[in-house]
Amino acid sequence: MKYIEFSVNLLLIFPVVTFFIISLLPKSYEKTIGLVSFVSLWFAIIIIILLLLELIFNKVYFLDIPELILYKETGFEFLIDIFIDWISIIFLLLGSIITLIIVYFSKTYLKGEEGFKRYFLIITIFYFSYNLSVIAGNLETILIGWEALGLSSFLLIAFYRERFIPARNALKVFSIYRIGDVGLVLSIWATHHLFHESKKFYDLIAMGNIPKLDSYSYWLLLFISLCLLMTASAKSAAFPFMAWLPRAMEGPTPSSAIFYGSLSIHMGIYLLLRTYNIWSQIQEFKYILGTIGILTSIIGYQLYRFQYSVKIKIGYISLANIGLIFIELAIGWIQLAIIHTILNAIIRTYQLLISPSSIAYMIRDQFFHFQSKKIQTITSDLMKKIHYTLFHLSVKEFYLDILFDRYIFGIFRKIGKIFNFLKPFHIFILSIIIISFGFLILNFNVYSKDIIKLIYTSILSVLNFIFISRAFGERNHPRMVWYLNIFNHIYLILAIMVYETISKMNIFLYVTGVTVNGVVGLLILNKIKKEYTQDFNLNDYHGFIYIYRWESLVFLISALGLIGFPISSTFLGEDLILSHIEPDQGFLAISFTISYILSGISIIRLYCKLFFGPFKGGENGTTIHAA
Amino acid sequence: MDEKNNLLNKIKKYIPKVSLIKDFIHHNPLEFILEQEFFSACNKVSNIYGYKTYLKLNEYRELYKNGWILHRTLEKFLNKHPSISWDDLLINEFPIYYDSKVGKFRKNWETRYRINLEKHIHPILFRLVGSFLDQGVSELKSPGFNLDFYSFVLELEKYSLIPIIRTQLGKQFLNDKRKDIELILNKLVGKPEYYEIYLLDQQLEHPGWSGLIKYLDEHPEYLFDKREIHFEDFIYLELVMELDLLERRLKGKWEPLGNWAKPSNFPYLNSRLNFEKWQQILQIWQEAYEWSYYDKVLVSLKNHDSDKIKQKLNPKYQCIFCIDDRESSIRRYLESLDPNIETFGTPGFFQMDIYFHPYKGKFLTKCCPQPIHPSCQISEIPTEENISNWKSKLKYKLFGFLKVSPFDFMMQNSQLIYEKDSNIPIDMEEVIDFQGVKLGYDHQEMASRLENLFKTIGLVNSFAKIVYFIGHGSSSKNNTYYAGYDCGACSGRPGSVNARLAAIIANKKEVRELLRKKGIDIPADTIFIGGIRDTSTDLVKFYIDYPLNSESLILHKELERTFTIASQKNAIERANKFTGISLRNLNPEKVHNKVIKRATKLMIPVPEWNHASNALCIIGRRDINKNLYLARRAFLNSYDYQLDPDGKILYSILKAVIPVTAGINLEYYFSRMDNNRMGAGSKLSHNVIGLLGVANGADGDLRIGLPYQMIRIHEPIRLLMIIEQDPNVIYNVLINDETLLKWVQNHWIHLVSFHPISKEYYLFFSGNKPYSKYTPDYTKIKILKNETELFDLFKNDREVAIINKL
């Protein structure tokens with residue numbers, strides 16, 4: 001058994017070691033870089049096979065390994081936990097084999113490409129986070145893997161960051177992923193309240209059906225399931241999140257294959273499989289899941305039929321299949337769903353990898369077998385209407401892109417615009433007042449009456465909402481976005497401190513995370529502003545990465561820290577804070593959700609707009625947006 | 001109406017030429033400004049469009065430091081510019097800045113009204129055009145594909161429940177029968193003097209789609225699945241969409257652009273512009289860079305002892321290759337392996353202007369240069385029952401579809417129908433008059449084509465026992481630019497059919513009879529064999545349609561062996577550039593096998609380097625450059641000045657060779673200089689769009705030019721054309737053709753005459769005189785003594801050497 005634990009750990013250690021070896025190698029050592037990734041993947045596959053054999057010989061079908069406790073206090077425990085069963089083994093094998101193929105392909109395909117090393121680093125991050133998500137034993141661990149997956153996805157879409165469209169699309173995909181992530185965060189929160197502890201998947205399986213569901217837990221369970229479904233749909237580009245998929249096909253072809261053809265896009269299905277015990281008892285949820293599956297399938301297929309570009313076409317047919325897999329899950333055909341996933345992943349990888357040759361073989365085929373199709377004479381007006389409408393809907397992508405851009409994010413942008421009159425000065429003054437008032441409440445009993453608390457937290461929530469919308473809509477002052485996000489964190493912690501006693505350690509963790517990252521980011525922003533005052537705005541993509549290489553990396557890390565990415569204590573803090581929100585404090589939960597999404601997007605947008613895109617000026621020449 | 005056409009024509013000139021990717025043709029990206037001097041044109045497009053037309057300053061300095069730009073050459077060009085000092089060249093930093101003026105005027109919409117027109121209109125517009133033009137990627141054709149594009153849009157607007165155009169004003173313009181661009185521009189821009197600028201701003205935001213639509217408007221015949229689309233309709237639709245978006249977003253509260261914004265003194269291409277100092281400096285560097293190499297070539301060429309070679313006569317074999325630079329190295333190896341082999345170069349369609357109709361093909365394929373319109377077709381029919389071979393069929397079904405091989409262009413056992421009144425088997429009668437093009441040549445036509453061919457290459461007597469015509473093609477897999485790797489003289493197809501056809505025709509007794517009357521005497525025992533060489537795998541295949549007697553069979557077998565060894569050596573030379581390491585100690589056969597495998601691997605974005613680093617074109621007898629190592633940088637066209645005292649033959653050569661070679665050269669040049677704007681960027685992220693072209697991702701514009709992978713090792717210098725002929729004859733040829741004159745006079749290529757008798761160089765249009773004597777300024781000449789030294793040269797394309805006896 002010890003040995004099993006060791007080999008499971010190796011699966012996580014290998015990518016980390018590979019990552020460090022590659023990052024230490026100089027850029028020009030392309031062959032070595034490729035070889036290192038290749039060899040480490042082979043090792044991983046061997047380990048997985050050995051693991052499988054050991055499990056079979058020991059007749060262990062489920063295995064839970066508590067890995068390490070990141071944080072513990074009464075009633076809350078943040079545990080990295082590992083859980084292995086046959087589903088994880090299958091997904092591990094699938095992921096490793098496909099990554100191996102992609103690495104083997106890419107090490108020749110990307111030879112001489114600017115960013116060769118970066119590509120392999122990102123693939124390694126991806127592989128690590130994939131493994132972590134697949135062997136995760138609880139939702140918290142999945143969340144870590146999940147966020148890292150999103151990050152690697154974001155970085156690969158913006159692989160050609162000197163162009164405008166990849167930079168924009170990376171941001172777009174990140175926004176959708178962020179919505180998905182919040183689902184996971186909320187479901188963790190709700191699970192805490194349902195079970196009063198962090199439930200492991202192992203316990204869930206061991207428990208069998210959750211006994212005695214009163215109506216409260218039933219609704220909470222439904223809420224958890226819906227949150228999970230949102231996460232799964234966002235990652236798998238299911239309805240209504242479909243519009244990001246075509247936009248993600250910006251990186252080199254093999255990266256599109258691994259992410260949007262095969263692995264990343266099937267992670268939603270994996271999440272649903274993993275949490276099967278949670279949602280399988282709720283009939284309503286199954287109907288919803290089925291409906292989403294049907295919608296995804298139909299719309300994906302419709303988009304596929306009229307799609308004229310090869311990669312996007314493959315993406316859409318992959319989606320149509322994912323819709324079907326959702327339906328299979330809803331019915332309860334787990335095995336079929338898994339087989340379907342494997343086949344879909346492998347076929348789409350293959351199709352994407354050979355997609356450049358389509359032009360040759362299709363033209364050849366056409367040359368010898370062309371039949372000019374008879375012009376369909378649709379006489380019925382109604383049929384014509386349906387035909388043209390379907391076509392037009394495909395052209396407009398069923399308005400799904402616009403749905404998010406205009407009706408979800410657009411609303412916040414508009415709200416932000418209303419508060420454009422708030423200048424940094426106002427914000428500082430307001431914040432100082434609010435913070436000092438918070439201290440009063442916290443330190444003097446006179447003020448800590450329920451009604452005052454209620455009013456105070458309401459004001460905080462409203463202000464928080466305003467600030468974060470303002471940050472979201474801000475276009476001219478990058479530093480403003482940064483400030484507002486820092487305040488956002490402070491407000492959040494104040495709001496909770498008013499209600500509950502949180503240990504000093506807790507606050508310390510959170511505040512250090514925010515301050516360190518905040519200050520580092522601010523220093524870099526100041527530096528850029530000093531040298532490029534003219535271009536220091538968010539109206540365009542500025543491509544400063546070409547001037548500030550190191551700074552951009554440091555800024556990315558501090559930005560990730562500030563948005564609660566699992567590399568900084570902010571992440572832990574954010575989860576802690578969340579665990580202190582009670583289910584009946586609805587407005588706090590909503591406020592948290594919105595600020596989680598919007599702050600993430602606004603900060604990453606800040607990063608994208610400053611560092612990505614074409615750098616204007618210098619000897620690099622110009623670019624046009626549409627290229 | 002006239003004015004509208006005038007406006008459109010003005011715009012059209014500036015829209016790049018984008019052909020379908022299946023017929024990839026190299027062309028000069030700056031063709032529209034050919035009438036201006038090269039550097040002035042470069043600087044102008046750089047100032048107006050923001051194109052980068054030079055290397056980076058540091059790249060030049062690096063080249064200088066490593067000795068590839070010679071000090072003396074640099075000094076020579078520096079002296080022409082008194083305002084620039086050595087410090088400027090070598091040390092000083094300049095605020096080098098590229099900025100596009102196109103697009104600035106239209107950008108005012110965004111600055112004032114905060115509406116990003118591109119963001120909202122491009123995706124929908126591209127998708128409409130893409131779905132409409134799609135050649136077979138999508139499962140369903142777009143409804144209304146049989147109509148023309150604009151009617152399709154109108155139908156869509158009429159029947160779709162979701163409108164394209166939402167506002168009343170937009171609808172009114174959309175349904176306007178006149179489709180008057182001026183009218184809608186009046187609404188959008190207001191001032192007629194800004195119309196042109198506005199349209200240019202708009203169209204050059206998506207040069208790829210505009211270029212393709214312009215091309216398809218002019219040549220709809222190149223689409224397999226026919227579509228009707230007009231450039232003006234496309235512009236009109238885009239204008240209507242813009243109008244609609246503005247009207248919808250601003251609810252009618254907006255003013256025409258021209259009323260409140262002014263294009264900041266828009267510079268026209270024909271106006272005088274002030275150039276920056278750094279542009280002059282880069283120009284000096286570029287010239288010095290070019291001439292550092294040219295001088296080396298010219299000196300070596302002159303000192304290379306051609307008279308010694310001339311003594312041997314009566315070669316056993318004569319091989320006629322394509323002019324292509326990739327064939328230059330295999331010719332070198334063949335000659336050095338067997339002194340009995342004489343080689344020639346000529347455009348790879350071997351003067352056979354044909355449409356090829358493969359067996360069961362549904363279309364005709366043009367197998368000659370793009371501008372020529374062939375008058376007849378050559379058909380292929382099977383000789384035996386080789387079609388129903390289930391094994392090969394299965395293999396094709398499973399894997400074969402990935403491979404694009406020139407060998408597969410014709411079937412294994414097939415026969416060409418090339419004569420006007422051939423006896424055609426009854427069941428094959430469909431091949432006659434297929435698509436209305438007549439079948440085959442008559443004897444006169446055959447003879448005249450061969451006469452042309454033999455006279456241009458200077459092969460009129462002393463025919464060898466076996467004469468080979470060797471076309472070329474290129475195998476590759478997973479390669480969207482596959483057509484760009486095949487023979488350019490065959491419209492981006494392999495030259496197999498042409499080579500085979502030329503051999504068959506030349507073997508005909510009747511044709512030889514006719515040729516004899518024209519002064520070309522082919523001995524009765526001479527036979528012709530066609531063949532094709534694969535430039536990416538270095539394999540060769542011969543088509544033997546004529547029974548060989550035992551003597552010639554032995555000769556042929558011997559040549560095949562020589563060819564194998566030459567191919568292996570050639571493979572080693574090429575492999576050096578793939579790997580960057582010297583392969584001298586490896587077994588040649590193994591290296592060749594690796595090269596063969598490499599060419600058709602799925603994960604190889606560069607199956608071969610193609611024309612990368614091309615720089616020279618030598619028109620003259622092979623003897624003058626036979627023992628010269630020029631890497632693989634030279635287009636070699638055989639030409640005998642003795643047969644052509646009045647320059648008639650030279651004219652027929654130059655007419656084809658200058659546009660083709662200079663087109664290739666300049667496309668590589670500019671794609672290398674600015675891979676973002678004039679090239680296609682990295683091909684790794686390319687997405688095939690409707691079998692029409694490639695774009696990045698989903699919403700990108702079609703890419704033009706060459707991808708980064710193709711030009712990665714290219715040395716961007718202009719073409720130096722060396723002609724072995726009296727400068728006076730050349731001059732007389734040039735002044736009679738305005739287009740040719742433009743290329744040379746405006747220095748889009750450099751032209752040097754190598755006087756056959758005095759062995760002096762004459763440079764054209766360098767000073768006031770049309771041509772003047774030129775003495776290359778370079779003294780070091782590399783003379784190789786053994787093969788090992790040759791290996792050292794492979795690393796760098798800038799090397800030139802004389803290989804006397806290897």
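As a starting point, this report considers the structure included with it. (Residues numbered from 1 in each chain as written. Chains lettered and ligands numbered in written order. Predicted model: local features only at pLDDT ≥ 70, side-chain atom pairs only at ≥ 80, totals over all residues. Heavy atoms only, no water.)

For chain A, the count of helices and strands is 25 helices and two strands. Taking 627 residues into account, the globule formula puts the C-alpha radius of gyration at 25 Å, and chain A, at 25 Å, falls close to it. Residues classed as buried in chain A amount to 64% of the 627 residues present. Across chain A, contacts joining residues at least 24 apart in sequence account for 80% of those joining residues at least 6 apart. Within the structure as shown, chain A displays about 23,500 Å² of accessible surface, and the carbon and sulfur contribution to it stands at 69%. (Helix = DSSP H or I, 4+ residues; strand = E, 2+ residues; numbered from the N terminus. Rg over C-alpha atoms; globule rule 2.2 N^0.38 Å. Buried < 20%, exposed > 50% of the residue type's maximum accessible area, 1.4 Å probe, protein only. Contact = heavy atoms within 4.5 Å. Areas by Shrake-Rupley, 256 points an atom, 1.4 Å probe, with all protein chains shown as cover.)

Residue and element names in this part refer to chain B. With their axes 10 Å apart at the nearest point, helix H10 (residues 181–188) and helix H13 (residues 231–250) run at an angle of 25° to one another. One element, H10, and the other, H13, form an angle in the roughly parallel class. As H10 runs across H13, the sense of the crossing is left-handed. Taken together, the residues of H13 that come into contact with H10 (itself represented by Ile 181, Ile 184, Leu 185, Lys 187 and Leu 188) are Glu 232, Ile 235, Tyr 236, Leu 239, Val 240, Glu 242, Leu 243 and Leu 246. Residue composition of the contact of H10 with H13, by class: 10 nonpolar, no polar and three charged. (Axes fitted to C-alpha atoms, helices over the stretch in contact; angles between N-to-C directions. Parallel < 35°, antiparallel > 145°, perpendicular 65-115°, else oblique. Left-handed = near helix turned anticlockwise from the far one by under 90°. Nonpolar A, V, L, I, M, F, W, Y, C, P; charged D, E, K, R; others polar.)

All names here are of chain A. Remark: helix H18 (residues 400–418) packs on helix H20 (residues 450–473), axes separated minimally by 7 Å, with the N-to-C direction vectors making an angle of 105°. Taken together, the axes of H18 and H20 lie roughly perpendicular to each other. Where H18 abuts H20, its residues Phe 409, Phe 412, Arg 413, Ile 415 and Gly 416 lie against Phe 465, Ser 469, Arg 470, Phe 472 and Gly 473. Of the residues assigned to the contact of H18 with H20, the class counts are five nonpolar, three polar and two charged.

Okay, the environment of A:Ser431 next. All names here are of chain A. Tracing the backbone through its elements, the reader meets Ser 431 in helix H19 (residues 424–443). For the pair Ser 431 and Leu 460, spaced 29 residues apart in sequence, the C-alpha to C-alpha distance is 9.9 Å. If near-sequence neighbours (up to four positions away) are discounted, Ser 431 is found in contact with Phe 467, Phe 487 and Tyr 491.

Taken as a whole, this structure holds 57 salt bridges over all chains when the rule is applied. One salt bridge in this structure joins A:Glu474 and A:Arg470, with 2.3 Å as the shortest N-O distance. Residue classification places A:Glu474 among the buried positions, given a relative accessible area of 4%. The partner of B:Lys455 in a salt bridge is B:Glu451, with the nearest N and O atoms 3.0 Å apart. (Salt bridge = Lys/Arg side-chain N within 4 Å of Asp/Glu carboxyl O.)

Further remarks concern the sheet that holds strand E20 (residues 761–764) of chain B. Within a sheet, adjacent strands bond to each other through the backbone by hydrogen bonds, running parallel or antiparallel. Residues and elements named next belong to chain B. On the basis of which strands lie adjacent, the open sheet formed by six strands has the order E15-E13-E18-E19-E20-E21 and mixed pairing. The outermost strands of the open sheet, each flanked by one partner alone, are strand E15 (634–638) and strand E21 (771–774). Each strand axis lies, on average, 25° off the axis of its neighbour in the sheet, ignoring direction. Relative to E20, strand E19 (residues 749–754) runs antiparallel, the two being bridged by three bridges. (Pairing = 2+ DSSP bridges.)

Counting 426 residues, the largest nonpolar core has A:Phe611 and B:Met721 as its most contacted members. If you tally residues by element for this core, the top one is helix H6 (residues 164–195) of chain A, at 19 residues. Each residue touching A:Phe611, except ones within four places of it in the same chain, is listed here: A:Ile524, A:Ile528, A:Gly543, A:Phe544, A:Ile545, A:Tyr548, A:Ser552 and A:Phe555. Membership of the second largest hydrophobic core comes to 37 residues, among which are B:Ala447, B:Leu450, B:Ile504 and B:Ala506. (Core = buried A, V, L, I, M, F, W, Y, C linked by side-chain atoms within 4.5 Å.)

This part covers the pairing of strand E12 (residues 539–543) of chain B. All names here are of chain B. Here strand E11 (residues 527–534) pairs with E12 via five bridges, running antiparallel. Bridging from a neighbouring strand, Gly 531 pairs with Phe 542 of E12. Where E11 folds back on E12, the antiparallel hairpin that results is connected by four residues, among which Asp 538 adopts a positive phi of roughly 60°.

All right, on to the interface of chain A and chain B then. With 78 residues of chain A at the contact, the number on the chain B side is 94 residues. Interface area, chain A with chain B, both sides summed: about 8,100 Å², of which 60% is carbon and sulfur. Sorting the residues of chain A by area buried against chain B places A:Tyr308, A:Phe367 and A:Glu619 first, and these three jointly supply 11% of that buried surface. Our enumeration of links across chain A and chain B arrives at four salt bridges. Of the charged contacts in the structure, one is a salt bridge between B:Glu155 and A:Lys384, with a shortest N-O distance of 3.7 Å. With 11 residues, the top contributor of residues to the side of chain A that touches chain B is helix H16 (residues 358–369) of chain A. Residue composition of the side of chain A that touches chain B, by class: 35 nonpolar, 22 polar and 21 charged. (Buried area = accessible area lost by both parts, 1.4 Å probe.)

Residues and elements named next belong to chain B. Within E11, eight of the eight residues are buried, which leaves the element mostly enclosed by the surrounding structure. A two-sided burial pattern is seen for E11, the buried positions comprising Ile 527, Ile 529, Gly 531 and Arg 533 on one face and Phe 528, Gly 530, Ile 532 and Asp 534 on the other. Note: strand E9 (residues 466–473) against E11, eight bridges, orientation parallel. The residue bridging Val 467 from the neighbouring strand is Phe 528, located in E11.

Moving on, we come to the sheet that holds E9(B). All names here are of chain B. The strand order across the open sheet built from five strands is E2-E1-E9-E11-E12, with neighbouring strands paired in mixed fashion. In the strand order of this sheet, the two ends are held by strand E2 (341–346) and E12, each with one partner. On average, adjacent strands in this sheet sit at an angle of 25° to one another, irrespective of strand direction. The strands touched by helix H22 (residues 550–579) within the sheet are strand E1 (317–322), E2, E9, E11 and E12, with E9 carrying the most contacts at an inclination of about 35°.

Take the environment of B:Glu380 next. Residues and elements named next belong to chain B. For Glu 380, the location among the structural elements is in strand E5 (residues 376–382). Given the relative accessible area of 2%, Glu 380 is considered buried. C-alpha of Glu 380 to C-alpha of His 357: the two residues are 23 residues apart in sequence and 6.2 Å apart in space.

Going through the model one piece at a time under the given rule, you end up with 19 cavities of 30 Å³ or more. Estimates place the volume of the second largest cavity at around 150 Å³. Of all the elements in the fold, those that place two or more residues in the lining of the second largest cavity are helix H14 (310–331) and helix H17 (381–395) of chain A together with helix H7 (117–133) of chain B. Of the residues belonging to the lining of the second largest cavity, the class tally is eight nonpolar, four polar and three charged. (1 Å grid on protein atoms, 1.4 Å probe; cavity = no way out; pocket = protein on both sides within 12 Å on 5 of 7 lines; lining within 4 Å. Points joined across faces, edges and corners; volume = space filled by probe spheres on them.)

On the surface, a cluster of positive charge is made up of A:Arg406, A:Lys414, A:Lys417, A:Arg475, B:Arg114, B:Lys119, B:Arg166, B:Arg249, B:Lys251 and B:Lys253. With three residues, H18(A) is the largest single contributor of residues to the positive patch. Summarising the element assignment, B:Arg114 is placed in the loop between helix H6 (104–113) and H7. (Patch = residues over 30% accessible without salt bridge, like charges linked within 9 Å, V, L, I, M, F, W, Y side chains within 5 Å. Lys, Arg positive; Asp, Glu negative; His and termini not counted. Charge placed at Lys NZ, Arg CZ, Asp CG, Glu CD.)

Now for a nonpolar patch on the surface. All names here are of chain A. On the surface, a cluster of nonpolar side chains totalling about 1,200 Å² of accessible area is made up of Tyr 3, Phe 6, Leu 35, Val 39, Trp 42, Phe 43, Ile 46, Ile 49, Leu 50, Leu 53, Ile 56 and Phe 57. Among the elements of the structure, helix H1 (2–24) and helix H2 (30–57) are those that each provide at least two residues to the nonpolar patch. Sorting elements by how many residues they give to the nonpolar patch places H2 first, with 10 residues. Overall, Phe 6 belongs to the partly exposed group, its relative accessible area being 46%.

Moving on, we come to the side chain of A:Arg178. Residue and element names in this part refer to chain A. Within the secondary structure layout, Arg 178 lies in helix H6. Here Arg 178 sits buried without a salt bridge, and the closest side chain of opposite charge, Glu 147, lies 4.1 Å off (N-O distance). Engagement of the side chain of Arg 178 in a polar contact is seen with the backbone oxygen of Ile 563, the distance being 3.0 Å. Filtering out sequence-adjacent residues up to four positions away, Arg 178 remains in contact with Glu 147, Ile 563, Tyr 596, Ile 597, Gly 600 and Ile 601. (Polar contact = N/O pair within 3.5 Å; in protein donor to acceptor, adjacent residues only side chain to side chain.)

With that settled, consider H7(B). Residues and elements named next belong to chain B. With 17 residues, H7 extends 23 Å from end C-alpha to end C-alpha; this agrees with the ideal 24 Å at 1.5 Å per step. Of all 17 residues that make up H7, 15 are buried, and the element is covered over most of its length. Of the residues flanking the start of H7, the one acting as N-cap is Asn 116, its side-chain oxygen 3.3 Å from the backbone nitrogen of Glu 118. (Expected span 1.5 Å × (residues − 1).)

Okay, the packing of aromatic side chains next. Under the criterion given, the structure shown has 98 aromatic pairs over all chains. Their ring planes at 70° and their centres at 5.8 Å tell us that A:Phe391 and B:Phe152 sit as a pair that is edge-to-face. Of the two residues, A:Phe391 is situated in helix H17 and B:Phe152 in helix H8 (residues 149–159); the pairing between them involves two chains. Of the two residues, A:Phe391 and B:Phe152, neither departs from the other in class, the shared state being buried. A network of ring pairs unites the aromatic residues A:Phe154, A:Phe174, A:Trp482, A:Phe555, A:Tyr607, A:Phe611 and A:Phe612 as a single cluster. Its end group placed over the ring of B:Tyr293, B:Arg633 keeps NZ or CZ at 4.2 Å from the ring centre. (Phe/Tyr/Trp six-rings, centres within 6.5 Å; stacked < 30°, edge-to-face > 60°. Lys NZ or Arg CZ within 6 Å of the ring centre and 35° of its normal.)

It is worth stressing that arrangement in space is one thing and function is another; only the former is reported here.
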